[in-house]
Amino acid sequence: MRTLAWVGGTLYDVAAGWRTIPVDGSSGGRRSGDYGQRFDAVKVSPRGDVVALLASTGTDGLLLTADGEVIREIGRSDYQADAYRYPLELFTLPDGRTGLVHCPDEYNRLEIEDAVTGERWGAGDGREPSDFFHSRLAVSSSGRYLLSAGWAWHPVDCVITFDLHRALTDPGVLDSTDDDHPATRLILPDISGTCFIGDDVAISTSSDLEQPTEPDELAGTMLARWSMTTKEFLWRKQLDHPAGDLVCVAGDIMALYGHPRLYDGNSGELLAEWPELATGHAESSIVWGKSFSGPARIAVDNANRRFAVTDGEDVAIVHLG
């Protein structure tokens, strides 16, 4: 069990032929045969109509309907692909269709497509993307902002945010990693994990981050929330342990280093933790052969305030109440 996803309120192991995992612990069924062991990550569109099945540190991907039919095959550049997580996110376009943002041609060039038809925004020459390895893509709940928590040489993990609405009319705004660019709202190095809370960005920092020289800078092993509106930190919280990758759970922040820990999205206070549920020890988009960690082990059902965690064999479902 390595590709958990909630689709229509039902929990599936998608790569295992859409094997259902009933919440009462009973045996589930399958819709189809396995898609292959190379697939070890899954993304679900906000509308639940498109599911992406990915090889985290490979080049292969499949787009599927919610009924399990194959829409089309996708891929990414093989340059350093075995080192870092596949860059892809599904989101809702302004006209209601499901969009796809990924790097189908070059590691450093983001493309926006209609997920079903493959129609691409701004296809053609003339773009000059910066030298940045995009990874851990996410789109804010409003559909306004895109973030990429990837890396650049030496390597160093960074987070960059973009105005996605503007990129739909001018894809070239996705090419710049210059913090003076008008379509870029946040650039930070030494980032361990990120996620959106609404349109704000939750950030966890690397334990290797150097001590700050200014009072408004981030320190190592810290959790923080950045406002995309006011362009300032709403709060910063020093942690005793690394947070690693982050996911939003019903407006709060789930840290996934070691085991799940839930922090209040409005204050950073620890709400709950589950030390018996192992989630691996990734602190970077660069994972090499250890891609089965962090978000690869968890599936969140925000509508019903619950999440599922797998260690590859067993599944635990946590109801938050």
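In short, a report on the structure.

1. A few points about the pattern of salt bridges
No. 1: Counting across every chain of the model gives 21 salt bridges.
No. 2: A salt bridge links Lys 43 to Glu 89; its shortest N-O distance comes to 3.6 Å. Of the two residues, Lys 43 is situated in strand β4 (residues 41-44) and Glu 89 in strand β8 (residues 88-92); the sequence distance between them amounts to 46 residues.
No. 3: The closest approach of N and O atoms between Arg 97 and Asp 114, which form a salt bridge, is 2.9 Å.

2. Quick notes on unusual backbone geometry
No. 1: Even without glycine at this site, Trp 18 takes up a positive phi of about 55°.
No. 2: By the element assignment, Trp 18 lies in the loop between β2 (10-13) and β3 (19-20).
No. 3: A relative accessible area of 0% places Trp 18 in the buried class.

3. Concerning the sheet that holds strand β20 (residues 246-249)
No. 1: Pairing is antiparallel in the open sheet, where four strands are placed in the order β20-β21-β22-β23. Of all strands in the sheet, those bounded by a partner on one side alone are β20 and β23 (270-273). The mean angle between the axes of side-by-side strands here comes to 25°, regardless of whether they run parallel or antiparallel.
No. 2: As paired strands, β20 and strand β21 (residues 252-255) are joined by four bridges and run antiparallel to one another. Within β21, the position partnered with Val 249 by the bridge is Asp 252.

4. Some thoughts on the pairing of β4
No. 1: As judged from the four bridges shared by β4 and strand β5 (residues 50-54), these two strands associate in the antiparallel manner. Pairing of Lys 43 across the sheet is with Ala 52, part of β5.
No. 2: As consecutive antiparallel partners, β4 and β5 are separated by five residues, and within that stretch Gly 48 has a phi angle of approximately 75°, a positive value.

5. Structural notes on the sheet that holds β4
No. 1: Spatially, four strands are ordered β4-β5-β6-β7 in an open sheet, and the strand pairing comes out antiparallel. Of all the strands in the sheet, just β4 and β7 (70-75) have a single pairing partner and so form its edges. Each strand axis lies, on average, 20° off the axis of its neighbour in the sheet, ignoring direction.

What counts, and at which threshold
- Residues numbered from 1 in each chain as written.
- Predicted model: local features only at pLDDT ≥ 70, side-chain atom pairs only at ≥ 80, totals over all residues.
- Heavy atoms only, no water.
- Salt bridge = Lys/Arg side-chain N within 4 Å of Asp/Glu carboxyl O.
- Helix = DSSP H or I, 4+ residues; strand = E, 2+ residues; numbered from the N terminus.
- Buried < 20%, exposed > 50% of the residue type's maximum accessible area, 1.4 Å probe, protein only.
- Pairing = 2+ DSSP bridges.
- Axes fitted to C-alpha atoms, helices over the stretch in contact; angles between N-to-C directions.

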